[in-house]
Amino acid sequence: MNLDHSIHQLENMDGNGKLWKRTDFARSLITQYNRKGSLSPKQEEWVNIIITENLAAPTVAKPTVTGLTRVIEIFEEASENLKYPKLVIQLGDGSDLKLSRAGPTSRFNGEVQLTDGRPYGQNKYYGRVTGNGELVLTGEGRRHEDELHSILKSMTTDLGAFAKMYGLKSGNCCFCRKELTHHSSLDAGYGPTCADNYGLPWGEKA
Ligand SMILES: [Zn+2]
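Please read these numbers as outputs of a predicted model, since none were measured by experiment.

(A) Spatial organisation of the overall build of the chain. Looking only at helices and strands, one finds nine helices and five strands in the chain. The order of α-helices and β-strands along the chain, N terminus first, is α-α-α-α-β-β-β-β-β-α-α-α-α-α. Seen through its principal axes, the chain has C-alpha atoms that stretch 60 × 35 × 30 Å.

(B) Spotlight on the nonpolar core. If you look at the biggest cluster of nonpolar residues, it comprises 31 residues, and the most contacted ones within it are Val71, Leu152, Ala163, Cys174, Phe175 and Tyr190. With near-sequence residues (within four places) excluded, Val71 lies in contact with Val112, Val129, Gly133, Leu152, Met155 and Thr156. Core analysis: the second largest hydrophobic core is formed by nine residues, Met13, Ala26, Leu29 and Val47 among them.

(C) Representation of the packing of helix H1 (residues 3-15) against helix H3 (residues 41-56) in the model. The interhelical angle for the contact between H1 and H3, taken along N-to-C directions, is 40 degrees, at an axis separation of 10 Å. Between H1 and H3, the angle falls in the class oblique. Our pair here, H1 against H3, has a crossing hand that is left-handed. Together, Leu3, Ser6, Ile7, Gln9, Leu10 and Met13 of H1 and Glu44, Val47, Asn48, Ile50, Ile51 and Asn54 of H3 make up the contact between the two elements. Of the residues that constitute the contact of H1 with H3, the class distribution is seven nonpolar, four polar and one charged.

(D) Structural view of the sheet that holds strand S5 (residues 135-137). Strand order in the open sheet formed by five strands is S1-S2-S3-S4-S5, and the pairing between neighbours is antiparallel. Each edge of the open sheet carries a strand with a single partner, namely strand S1 (86-90) and S5. The mean angle between the axes of side-by-side strands here comes to 20 degrees, regardless of whether they run parallel or antiparallel. Here strand S3 (residues 112-115) runs beside strand S4 (residues 125-129); their pairing, made up of four bridges, is antiparallel. Paired with Gln113 across the strands is Arg128, a residue of S4. Along the sheet, helix H6 (residues 145-157) contacts strand S2 (96-101), S3, S4 and S5; its crossing angle with S5, the most-contacted strand, is approximately 155 degrees.

(E) Representation of the domain arrangement of the chain within the structure. Here the domain parsing of the chain yields domain 1 (3-56) and domain 2 (69-205). Here domain 1 and domain 2 have C-alpha centroids that lie 28 Å from each other. Those elements that provide at least two residues to the side of domain 1 that touches domain 2 are H1 and helix H2 (23-36). Top element by residues in the side of domain 1 that touches domain 2 is H2. It accounts for three residues. Here the side of domain 1 that touches domain 2 is built from residues that sort into two nonpolar, five polar and two charged.

(F) Main features of the pairing of S1. Inspection of the sheet shows S1 paired to S2 by five bridges, in the antiparallel sense. Counterpart to Ile89 in the pairing with S2 is Leu97. As consecutive antiparallel partners, S1 and S2 are separated by five residues, and within that stretch Gly94 has a phi angle of approximately 90 degrees, a positive value.

Basis of the calculations
- Residues numbered from 1 in each chain as written.
- Predicted model: local features only at pLDDT ≥ 70, side-chain atom pairs only at ≥ 80, totals over all residues.
- Helix = DSSP H or I, 4+ residues; strand = E, 2+ residues; numbered from the N terminus.
- Core = buried A, V, L, I, M, F, W, Y, C linked by C-beta atoms within 7 Å.
- Buried ≥ 20, exposed ≤ 12 C-beta atoms within 10 Å, placed from the backbone.
- Contact = placed C-beta atoms within 7 Å.
- Axes fitted to C-alpha atoms, helices over the stretch in contact; angles between N-to-C directions.
- Parallel < 35°, antiparallel > 145°, perpendicular 65-115°, else oblique.
- Left-handed = near helix turned anticlockwise from the far one by under 90°.
- Nonpolar A, V, L, I, M, F, W, Y, C, P; charged D, E, K, R; others polar.
- Pairing = 2+ DSSP bridges.
- Domains from an automatic or database assignment.

Here is the structure:
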């Protein structure tokens, strides 16, 4: 089979949460191929092995998480003010969770991507919220499934309260990651610029 086609198939499996086995290895092969335009014969063999393995993996009949269109809207509204709306909070295990809006050059344009915040190619990709508010998780994301679900739910319930909680916990604004220093920012849990960009209350008694 044509390697370009196989890599594309792997990328699609990853994007659709169907890359369960050897996820990190597969992603490193994708990155290397996209950078160099080729792979070694051994690596090429692995691409086909990984595809076969994942196609054969049993599908788990867990109900799909839906109803997250508000997550898409939050980032869509912010994209009127910011080129790359994103926020970073901490998971229970202390690792970062980054939510960012995919831009027009991405095939996931407008969708919200969930990663550990490290640079592309080195990061863990947890999954994405699709345009119709569905949470699609990768194998990696499934390990944090309940936590990711509850984080997204609380975000859609009250973005201000959400940003405040994570801001005060870390001491940094979850949107721009700047340290909260002014007393008004310390009260709010985020800064005035981000309040403006994300349509959050500012200067009122919360
Ligand atoms: Zn900020």
